[in-house]
Structures are given as C-alpha cells and as structure tokens.
Amino acid sequence: MTCTDSPGRGGTVPVTGVGVEQAVTLSAVVRLYGRGNNKVPALRGVHCAFGRGSFTAVMGPSGSGKSTLLQCAAGLDRPTSGRVLLGTTDLGTLTETQLTRLRRERIGFVFQSFNLMPSLTARKNVALPLRLAGQRPGRAQVDAALQQVGLGDRGGHRPAELSGGQQQRVAVARALISRPDVLFADEPTGALDTGTSREVLGLLRSVVDQAGQTVVMVTHDPVAAAWADRVLFLSDGAVHGELAAPTVATVSEHLARLGG
Ligand code: ADP
C-alpha cells in the first residue's frame, strides 16, 4: 500500500524518505486488543504518513480502526508491533515519562466533546496545558491563541457562556498553544450543527494554510472531509485507498464502495 501526502490543497507529492517532510509516519502498525484466542485486530499493518503542513481526514466504517490509528499516532496507545515516528522520533523507544512529555509538548488533541473545564474561563482553559507543564504563560500569549481562533474578546467567558462552536474553538486554541507538531482531532464536529461545524472546519483549514500546522482529523462526515487536502480510508484495520483534493461527491462515492 502506498501513501501520498498533500502539502497544500490539491497538490500531491509522493512520500519520500522519513522524518523530514513527514510530521507522522506509521509503518506496519498492528494493534491487537484482548488476549489469547480472543485477540481482536484493530489495526492489521497500517502504513501511512502525514506530511507537514497538510490536513488529512481519516474515514471508514465504524470499527475500521480510525480511533485506534489516531491514538497510536498520538502516542496515547502503543502498537502491538510496527513503528510510529513523530518527525524522526520513534515513539516505541520512549519510556512512559518521555512519551507523556512528548504528548504535552509536541502533540495537540481535540475531542468530540470539547473537554473544557466548566469552572475555568476560556483564557484559563487555554493556559491549562502550559501550566500543567510547569510554565506560566503570559496573558499576551494566551490572548494571541484565542485571537487565532477568532475569540480574542471571549477570554473571560466560561464554557457555559459560549456556543458549542465557540467551545470547540477554545479547545483548538488549548491544543495549539504549545505549538504542537501535529493536531489530532477525533470527530471534532460530531457534536455540532452544520453552521458551527463550518466555523470549526474553517479554523482547522486556516491553522494549516496560515500557520503551516499539521492536522489529522477522524470524521464520518463527507462534508467535513471535503475541507481536508486528502482523505485516508480505513477498512477492517487497514488502509483501503485515499483521495487527494476530496469533494463531498468523491468522498461519498468512495465510502459507499467501502460499505461505510
Ligand atoms: P473506529 O474508530 O473506526 O470505530 P476503533 O479503532 O474504535 O474503530 O476499533 C477498531 C476495532 O478494535 C473494533 O473492532 C473495536 O471493537 C476494537 N477495539 C477498539 N478498542 C478496543 C478495546 N479497548 N478493547 C477491545 N477491542 C477494542
């Protein structure tokens, strides 16, 4: 199975070498759950790479391994075999402490359910990862992160005082404040309506186009996937094709063929 990456919307460049132009590389990644005769293969030998400054959507039927792929790529789960590289760092060689530090410093994660602290203001939510890392982020740094997501005037609001789309944008600012190598998003628009989904997808698109960051997003929605440079399709724990410059129509057609 080959894999390509798209550095800009529409462009396609073959994968060459490892580590320099790739933000994340997975080779022969297998993840088995369970024990003995009850082993379930969630990933059966995945090869793929996510180019720096690209926006990739990961799609596939329920149970095809999308969340497991994201968790292995983000260092939240360890493959049973195979390798995951973040840039040139082989995650398999790291201790748990090193992996925790790498996740804190080099990886951002956005969840479907926002996961903001309800008692904290947007500003304090955004500052939290740096404070947990023992740093004291300045007000200007936090406000700049909020401005990047279009919420420069909402820093003093608590999550309950913000719309769903605004809460997810705070979660994106929180994930980006440490300038991670990759932002992983697991169904980031799954809890949002069409209008607020557009806000969040437009934001993810702009962090790639304007800030040159790398985004990998799991979604089941062809409309969301069409915002990406490329769609990677999973089926039964393996990569089953990809699409560059996806449109709603081409994504839907591919999913129908996969049975998703
Ligand atoms: P998707 O995100 O595409 O729905 P998942 O990565 O969640 O797929 O799951 C892939 C397969 O691995 C499924 O068959 C699922 O039941 C199984 N699986 C996932 N997590 C676990 C777990 N913690 N224990 C056992 N099986 C699991």
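Structure: see above.
What you see is a predicted model, and the numbers here were worked out from it, not measured in a lab.

(A) Seen up close, the sheet that holds strand E3 (residues 22-33). Read from one edge to the other, the open sheet built from four strands follows the order E4-E3-E6-E7, with strand pairing classed as antiparallel. With one partner strand each, in any of the chains shown, strand E4 (40-51) and strand E7 (89-90) form the two edges of the open sheet. Two strands pair when backbone bridges link them, and E3 and strand E6 (residues 81-86) are joined in this way by five bridges, in the antiparallel orientation. Note that in E6 the partner of Leu26 across the bridge is Val84. Relative to E4, helix H1 (residues 66-73) is tilted by about 60 degrees, and along the sheet it contacts E3, E4 and E6.

(B) Just the site of the ligand, in detail. By nearness alone, every residue bordering the ligand is listed as Tyr33, Ala42, Pro61, Ser62, Gly63, Ser64, Gly65, Lys66, Ser67 and Thr68. The separation between an oxygen atom of the ligand and a polar main-chain atom of Gly63 is 2.8 Å. Within the side chain of Lys66, an N or O atom sits 2.8 Å from an oxygen atom of the ligand. Burial of the ligand by the protein chains amounts to 58% of its free accessible area of 560 Å². At three residues, the largest contribution of residues to the shell around the ligand is made by H1. For the shell around the ligand, the per-class residue count stands at three nonpolar, six polar and one charged.

What counts, and at which threshold
- Residues numbered from 1 in each chain as written.
- Predicted model: local features only at pLDDT ≥ 70, side-chain atom pairs only at ≥ 80, totals over all residues.
- Heavy atoms only, no water.
- Pairing = 2+ DSSP bridges.
- Helix = DSSP H or I, 4+ residues; strand = E, 2+ residues; numbered from the N terminus.
- Contact = heavy atoms within 4.5 Å.
- Axes fitted to C-alpha atoms, helices over the stretch in contact; angles between N-to-C directions.
- Near = heavy atom within 4 Å.
- Polar contact = N/O pair within 3.5 Å; in protein donor to acceptor, adjacent residues only side chain to side chain.
- Areas by Shrake-Rupley, 256 points an atom, 1.4 Å probe, with all protein chains shown as cover.
- Nonpolar A, V, L, I, M, F, W, Y, C, P; charged D, E, K, R; others polar.

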